Amino acid sequence: TYTMNTHPHTHSKPKEPWNFLLFTLPIIMADAMYQPTSGTSHKTWLVAIDGSQASLEAFTTARRCMQHGDEVMFLWCYGKKHSKKDTSAEQAKALEAEADAFLKPLVDLVEKSGRKYGVYKEYGDPRQVIVEQCKFLAADFLVIGSHGRSGLK
């Protein structure tokens, strides 16, 4: 099930990273029903992936909602506990292997469909990384898994 939170644009400066997202693009969380509307323009879907079941549901949600010609961008964030400068080469290789193993079947499905896609792997606080990548990629939609928390902060 899916939900789509759409908020009007605001001109006030966001105080927290998520505020940027809440006021600039739809966020779809895999926890309530969302029905896509048909349209002619191609959209970019950013799917936040972290190796969890919730992120698999986010990908499934994106696949169901995408229209012909839309593209998907996967974002894997290594998280707050792993900084690029404090991660050894051996640890980085292990983290990359874990991400690649999880992402491979998802990428294979997208490739099989002929859809355009991209894979981004970043270090840092997921809240900051997701916001930065949404801006960088000019994402039209952000799809994140619901981990059962009480909403975005």
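Quick caveat, the model's predicted, so the values are computed rather than measured.

**Notes on the nonpolar core**
Okay, step 1: With 22 residues, the main nonpolar core has Val47, Ile49 and Phe74 as its most contacted residues.
Okay, step 2: The set of elements that each furnish at least two residues to this core consists of strand 3 (44-49), helix 2 (53-65), strand 4 (71-77), helix 3 (89-113) and strand 6 (141-144).
Okay, step 3: Looking at this core element by element, the count peaks at seven residues for helix 3.

**What to know about the confidence of the model for the chain**
Okay, step 1: Per-residue confidence for the chain gives a mean pLDDT of 76; residues scoring 70 or more make up 67%.
Okay, step 2: Below pLDDT 50 for its whole length, residues 1-15 participates in 39 contacts with residues either more than four positions away or in separate chains.
Okay, step 3: Taken as a whole, residues 30-35 scores under 50 in pLDDT and shows 24 contacts with residues more than four places along the chain or in a different chain.

**Brief notes about the packing of aromatic side chains**
Okay, step 1: As enumerated under the stated definition, the model contains four aromatic pairs in all.
Okay, step 2: Consider the rings of Phe59 and Phe74, whose centres lie 5.4 Å apart with planes at 40°: the pair is tilted. Of this pair, Phe59 sits in helix 2 while Phe74 is found in strand 4, placing the two residues 15 residues apart along the sequence.
Okay, step 3: On the basis of relative accessible area, Phe59 is assigned to the buried category, the value being 2%.
Okay, step 4: By relative accessible area, which is 0% here, Phe74 ends up buried.

**Quick notes on the side chain of Ser55**
Okay, step 1: As for its placement among the helices and strands, Ser55 is situated in helix 2.
Okay, step 2: Owing to a relative accessible area of 2%, Ser55 belongs among the buried residues under this scheme.

**Notes on unusual backbone geometry**
Glycine aside, residues mostly have negative phi, and peptide bonds are mostly found in the trans state.
Okay, step 1: Positive phi values are uncommon outside glycine, yet Ala138 reaches one of about 50°.
Okay, step 2: Relative to the helices and strands, Ala138 resides in the loop between helix 4 (126-137) and strand 6.

**With respect to helix 2**
Okay, step 1: In this model, helix 2 (13 residues) spans 19 Å end to end at C-alpha, consistent with the 18 Å of a helix rising 1.5 Å per residue.
Okay, step 2: For helix 2, the complete set of buried residues consists of Ala54, Ser55, Ala58, Phe59, Thr61, Ala62 and Cys65. Buried residues of helix 2, viewed axially, fall in a sector of 160°; they line one side. For helix 2, exposure combined with an orientation more than 90 degrees from the buried face picks out Gln53 and Arg64.

**Quick notes on the pattern of salt bridges**
Okay, step 1: Following the criterion strictly, the structure yields four salt bridges and no others.
Okay, step 2: Salt-bridge contacts for Lys121 lead to Glu96; the nearest nitrogen and oxygen are separated by 3.2 Å. Placement of the pair is Lys121 in strand 5 (residues 117-122) and Glu96 in helix 3, with a sequence separation of 25 residues.
Okay, step 3: Take Lys121: its relative accessible area is 25%, and that puts it in the partly exposed class.
Okay, step 4: With a closest N to O distance of 2.8 Å, Arg127 and Asp125 form a salt bridge.
Okay, step 5: Given a relative accessible area of 18%, Asp125 falls into the buried group.

Thresholds, definitions, all that
- Residues numbered from 1 in each chain as written.
- Predicted model: local features only at pLDDT ≥ 70, side-chain atom pairs only at ≥ 80, totals over all residues.
- Heavy atoms only, no water.
- Core = buried A, V, L, I, M, F, W, Y, C linked by side-chain atoms within 4.5 Å.
- Buried < 20%, exposed > 50% of the residue type's maximum accessible area, 1.4 Å probe, protein only.
- Helix = DSSP H or I, 4+ residues; strand = E, 2+ residues; numbered from the N terminus.
- pLDDT = per-residue confidence, 0-100.
- Contact = heavy atoms within 4.5 Å.
- Phe/Tyr/Trp six-rings, centres within 6.5 Å; stacked < 30°, edge-to-face > 60°.
- Expected span 1.5 Å × (residues − 1).
- Arc of directions from axis to C-beta.
- Salt bridge = Lys/Arg side-chain N within 4 Å of Asp/Glu carboxyl O.

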